[in-house]
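Below are the chains, spelled out letter by letter.
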Amino acid sequence: MLENTGWAYAPAPPENSASVIATWLGVTTLLFDDGETQILIDGFFSRPTLADSLFRRPVVNDAATINYAMHEFRMRRLAAIIPVHSHFDHAMDVGAIANRSSASVIGSETTANIARGAGVPEDQIIVVELDETYQFGEFSVRILRSKHAPIGWRGNPPLPGTIDEPLTVPQPISAWREGASYSIVIEHPQGTTLVQGSAGYVEEGLEGVAADVVMLSVGGLTTLDRDYAEKYWQEIVTTTGARIVYPIHFDDFTRPFGEIVPGPRILGNIEKAAEWFNEFQATWDPDCIILLPEFGKPIALYAQSSSST
Ligand SMILES: [Zn+2]
């Protein structure tokens, strides 16, 4: 099904590339690394199953998979863990990861309560101040207010609301409420990447934000209409002038960590999303290219230009 998108996979980094690397670890979990400092967007390695979701079974963090992922992808220099919002498929493991590193968890009060419930010390938790710039090594991170894809009941986000007390596990997946949704701008002397982890937008919310690369959530997008999707593309990609777009959040998050299979069609159709995105790209951003991230493979964010592929 991914082959029907017409999108090529991101090429391997050029030999001796000194580019900032991003590694996609499924859904919208992304590890950024400039060789000195690492930043993790989201943190979702435990994979509650479809049955866990359907039968509302209480679930816990999967310590073995978290240990494996952090070891396999060498997360030894993690400075920050920043979930795009607080649903389980983004933020479930942020506390467990923070406890295995010295990284700060940065997010809404809801995300802070996920970390607190996991026993993360208060001095390792930062509640987001919008408009603030957070410096980690050479990375400057801005966290802007965005919106979740309106794919819940009557155009609301699914599982809306906040977590107001430290969240201890086990809990059914519905315990992880949205909190607040963000667009995350990761600036580096080499270039800027915008992570849009849910297919929502604030009208003109990214006015004045320039990005070289956009990581663009397609989760749930094709359950909305084409006009909505086009507006979403314009607000996120056209506004920022990005030259490369990597679709994310197209994989079935009930599969085990590392298994990439497109999600069930009722939740979104990657082929239809590809058809739409290819049309929007041709209409609005002819200089932009769309590449698929490959699980666990490094992407040299600023080493490739649109002409090199
Ligand atoms: Zn969500």
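The structure under discussion appears in the preceding block.
Let us look at the structure shown here.

**Some remarks on helix α6 (residues 226–240)**
Point 1. Compared with an ideal rise of 1.5 Å per residue, which puts 15 residues at 21 Å, α6 spans 21 Å between its outermost C-alpha atoms and is within 8% of the ideal.
Point 2. Most pronounced at Gln-234, the bend in α6 amounts to some 35°.
Point 3. Of the positions making up α6, those classed as buried are Tyr-228, Ala-229, Glu-230, Tyr-232, Trp-233, Glu-235, Ile-236, Val-237 and Thr-240.
Point 4. A positive backbone phi angle near 70° is found at Gly-241, which sits one or two residues after α6.

**A closer look at the sheet that holds strand β6 (residues 104–107)**
Point 1. Taken together, seven strands build an open sheet; the order of strands is β7-β6-β5-β4-β3-β2-β15 and the sheet is mixed. The open sheet has two edge strands, β7 (125–127) and β15 (298–300), and neither has a second partner. Going across the sheet, the axis of each strand differs from the next one's by a mean of 20°, ignoring polarity.
Point 2. Bridge count for β6 against β7 is three bridges, and the pairing is parallel. Pairing of Gly-107 across the sheet is with Val-127, part of β7.

**A look at the pairing of strand β5 (residues 78–82)**
Point 1. Among the five residues that make up β5, four are buried, leaving the element largely enclosed by the rest of the structure.
Point 2. The sheet contact formed by strand β4 (residues 38–41) and β5 spans four bridges and is parallel. When the sheet's bridge partners are listed, Leu-40 is paired in β5 with Ile-81.
Point 3. Of the pairings in the sheet, the one linking β5 to β6 comprises two bridges and is parallel in character. Bridged to Ala-80 within β6 is Ser-104.

**A look at a nonpolar patch on the surface**
Point 1. Taken together, the side chains of Leu-50, Leu-54 and Phe-55 define a hydrophobic patch exposed on the protein surface, amounting to about 350 Å² of accessible area.
Point 2. On the secondary structure map, Leu-50 appears in helix α1 (residues 50–54).

**As for the coordination of the zinc ion**
Point 1. His-85 (NE2), His-87 (ND1) and His-148 (NE2) make up the full set of protein donors to the zinc ion, lying at 2.1 to 2.2 Å.
Point 2. Between consecutive donors of the zinc ion, the numbers of intervening residues give the motif H-x1-H-x60-H. Here His-87 is found in the loop between β5 and α3 (88–91), whereas its partner His-148 is found in the loop between β9 (139–145) and β10 (182–188), with 61 residues between them in sequence. For the pair formed by His-87 and His-148, the shared burial category is buried.

**A few points about the pairing of β6**
Point 1. Of the two faces of β6, both are covered, the one formed by Ser-104 and Ile-106 as well as the one formed by Val-105 and Gly-107.
Point 2. Once you follow β6 into helix α5 (residues 109–117) and on to β7, the crossover reads as right-handed.

**Here we look at helix α2 (residues 63–72)**
Point 1. Looking at α2, one finds that the buried residues are Thr-65, Ile-66, Ala-69 and Met-70. All buried residues of α2 fall inside an arc of 125° around its axis, so they share one side. For α2, the exposed residues set more than 90 degrees away from the buried face come down to Ala-64 and His-71.
Point 2. Looking at the buried residues of α2, the elements they touch are β5 and α4 (94–99).

**With respect to the sheet that holds strand β13 (residues 244–248)**
Point 1. On the basis of which strands lie adjacent, the open sheet formed by eight strands has the order β1-β14-β13-β12-β11-β10-β9-β8 and mixed pairing. The open sheet has two edge strands with one neighbour each: β1 (8–9) and β8 (133–136).
Point 2. Bridge count between strand β11 (residues 191–196) and strand β12 (residues 213–217): four bridges; the pairing is parallel. Bridge pairing links Thr-193 to Val-213 in β12.
Point 3. Packing of α6 onto the sheet brings it into contact with β11, β12, β13 and β14 (289–292), and relative to β12 it is tilted by some 170°.

**What to know about the side chain of Ser-46**
Point 1. Tracing the backbone shows Ser-46 in the loop between β4 and α1.
Point 2. Taking the relative accessible area as the measure of exposure, Ser-46 reaches 1% and is therefore buried.
Point 3. A polar contact of 2.7 Å, which involves the side chain of Ser-46, links it to the backbone nitrogen of Asp-62.
Point 4. Here Ser-46 is in contact with Val-60, Asn-61, Asp-62, Ile-66, Met-92 and Asp-93, once residues within four sequence places are set aside.

Criteria and thresholds
- Residues numbered from 1 in each chain as written.
- Predicted model: local features only at pLDDT ≥ 70, side-chain atom pairs only at ≥ 80, totals over all residues.
- Heavy atoms only, no water.
- Helix = DSSP H or I, 4+ residues; strand = E, 2+ residues; numbered from the N terminus.
- Expected span 1.5 Å × (residues − 1).
- Bend = angle between axes of the 7 residues up to and from the residue.
- Buried < 20%, exposed > 50% of the residue type's maximum accessible area, 1.4 Å probe, protein only.
- Pairing = 2+ DSSP bridges.
- Axes fitted to C-alpha atoms, helices over the stretch in contact; angles between N-to-C directions.
- Patch = residues over 30% accessible without salt bridge, like charges linked within 9 Å, V, L, I, M, F, W, Y side chains within 5 Å.
- Areas by Shrake-Rupley, 256 points an atom, 1.4 Å probe, with all protein chains shown as cover.
- Salt bridge = Lys/Arg side-chain N within 4 Å of Asp/Glu carboxyl O.
- Donors = N, O, S within 2.8 Å, 3.2 Å for Na, K, Ca; no water.
- Right-handed = clockwise from strand over helix to strand, strands pointing away.
- Arc of directions from axis to C-beta.
- Contact = heavy atoms within 4.5 Å.
- Polar contact = N/O pair within 3.5 Å; in protein donor to acceptor, adjacent residues only side chain to side chain.

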